[in-house]
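# Coordinates in review
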Amino acid sequence: NWSLMDIDADGELELPRLRAVSALDSSDDTNGIKLVCWQDIDATGTVTDGFVNLHNSAEQWYFTLPDFWQENLLLATRQTGDYSCTAIYQKSSAGDPVQVLALYAYSGEDGAQWATQDGRFLLGSRENTVYAAKITETPGAESLREDAVMARFHLLPDQITVVS
């Protein structure tokens, strides 16, 4: 159930519009992840386009997409043991999918250690979960920097519960 909320804590309500998320492969379960187009509503009731994010209600995070990623977006997901991964792909000019970013959620005792290995960097943590990301070394990812990814990643506020 989606409704008006101040998702970005800017003091103005946002209205969500849901769009389908395309999976890279039919085996990828993207049901818990939504592509949400947020529209800002000011005190006078004026509606303007806001931002677009990937919203993962199961893992309680959202990632604000750069404008140039909003089209031709594909996701791959995997979950195994104490971690899950949401990989973001863009279609290349040739139409082939190219991975540009991976977002991880680690739980368990070794979560903080795993989150900073193999080129991954820490995004944040909550209770028993550590969040991390890895920028891939592929065309399309060259404009990404760690600080930009960190600024675009947000944990959902505790008081917001979204039912997908």
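Preceding this paragraph is the structure being described.
Every chain begins its residue count from 1, and numbering advances along the sequence as written. Per-residue local features are limited, in this predicted model, to residues with pLDDT of at least 70; the limit for side-chain atom pairs, both in listing and counting, is 80 or more; totals at the level of whole chains, interfaces and linings are taken over all residues. Hydrogens and water are ignored here; the side-chain numbers use all heavy atoms of the structure.

Strands are runs of DSSP state E lasting at least two residues, helices are runs of H or I lasting at least four, and both sets are numbered from the N terminus onward. Along the protein, the regular secondary structure elements total 2 helices and 11 strands. Order of helices (α) and strands (β) in the protein, N terminus to C terminus: β-β-β-β-β-β-β-β-α-β-β-α-β. Classification of the 164 residues of the protein by burial places 43% in the buried group. With residues, only the protein chains shown are counted as cover, and all accessible areas are computed by Shrake-Rupley using a 1.4 Å probe. Accessible surface, the protein as shown: approximately 8,900 Å² in total, 46% of it carbon and sulfur. Residue exposure (1.4 Å probe, protein chains only): buried if accessible area is under 20% of the type maximum, exposed if over 50%, otherwise partly exposed.

This part covers the sheet that holds strand 9 (residues 121–126). Here 6 strands make up an open sheet; going across it, the order is 2-6-7-8-10-9 and the pairing mixed. If you trace the sheet from one side to the other, it starts and ends with strand 2 (22–23) and strand 9, each paired once. Here 9 bridges tie strand 7 (residues 83–91) to strand 8 (residues 97–107), and the two strands are oriented antiparallel to one another. Among the inter-strand pairings, T86 is bridged to a residue of strand 8, identified as L103. Two strands form a pair only when DSSP identifies at least two bridges running between them.

Among the nonpolar cores identified, the biggest contains 24 residues, and L54, F63, I88, L101 and L103 are the most heavily contacted of them. Those elements giving two or more residues to this core turn out to be strand 3 (33–41), strand 4 (47–56), strand 5 (61–64), strand 6 (73–80), strand 8, strand 9 and strand 10 (129–135). Looking at this core, the element that brings in the most residues is strand 8, giving 4 residues. Other than its neighbours up to four places away in sequence, L103 contacts W61, F63, S84, C85, T86, I88, L123, A132, A133 and F153. Side-chain atoms within 4.5 Å are what join buried Ala, Val, Leu, Ile, Met, Phe, Trp, Tyr and Cys residues into a set we call a nonpolar core. Of all hydrophobic cores here, the second largest spans 8 residues; its members include I7, V36, W38 and Y62. Contacts are assigned to residue pairs with any non-hydrogen atoms lying within 4.5 Å of each other.

You can see L54 is positioned in strand 4. In this structure L54 comes out as buried when scored by relative accessible area, which is 0%. Separated by 21 residues in the primary sequence, L54 and I33 have C-alpha atoms spaced 6.5 Å apart. Discounting chain neighbours no more than four positions away, the residues touching L54 are I33, K34, L35, W61, Y62, F63, L65, L73, L75 and I88.

Next up on the list: the environment of D25. Within the element layout of this structure, D25 appears in the loop between strand 2 and strand 3. In this structure D25 comes out as partly exposed when scored by relative accessible area, which is 40%. Sequence separation between D25 and L75 is 50 residues; the distance between their C-alpha atoms is 8.3 Å.

Overall, antiparallel pairing links the 5 strands, which are arranged 1-3-4-5-11 in an open sheet. Sheet topology places strand 1 (13–19) and strand 11 (153–155) at the edges, where each strand pairs with a single neighbour. In this sheet, neighbouring strand axes are inclined to one another by 35 degrees on average, regardless of whether the strands run parallel or antiparallel. As judged from the 7 bridges shared by strand 1 and strand 3, these two strands associate in the antiparallel manner. By the bridge assignment, R17 is partnered in strand 3 with C37. Interaxial angle, 0 to 180 degrees, is taken between N-to-C directions of lines fitted to C-alpha atoms, where a helix line uses only the stretch in contact.

Turning our attention to a nonpolar patch on the surface. A cluster of nonpolar side chains, namely L4, L13 and L15, defines an oily patch on the protein surface of about 230 Å² accessible area. On the secondary structure map, L15 appears in strand 1. Under the relative-accessibility criterion, L15 is labelled partly exposed at 33%. Patch construction takes residues with relative accessible area above 30% that form no salt bridge. Like charges are linked within 9 Å, and nonpolar side chains (Val, Leu, Ile, Met, Phe, Trp, Tyr) are linked within 5 Å. By definition here, a salt bridge exists when the distance from a side-chain nitrogen of Lys or Arg to a carboxyl oxygen of Asp or Glu is within 4 Å.

Before going further, it helps to spend a moment on the pairing of strand 5. Along strand 5, one buried face is formed by W61 and F63 and the opposite face, lined by Y62 and T64, is buried too. By the bridge criterion, 4 bridges tie strand 4 to strand 5 in an arrangement that is antiparallel. Paired with N56 across the strands is W61, a residue of strand 5. In sequence, strand 4 turns back onto strand 5 through a hairpin of 4 residues, with Q60 there showing a positive phi of about 60 degrees. Here 3 bridges tie strand 5 to strand 11, and the two strands are oriented antiparallel to one another. Pairing of F63 across the sheet is with F153, part of strand 11.

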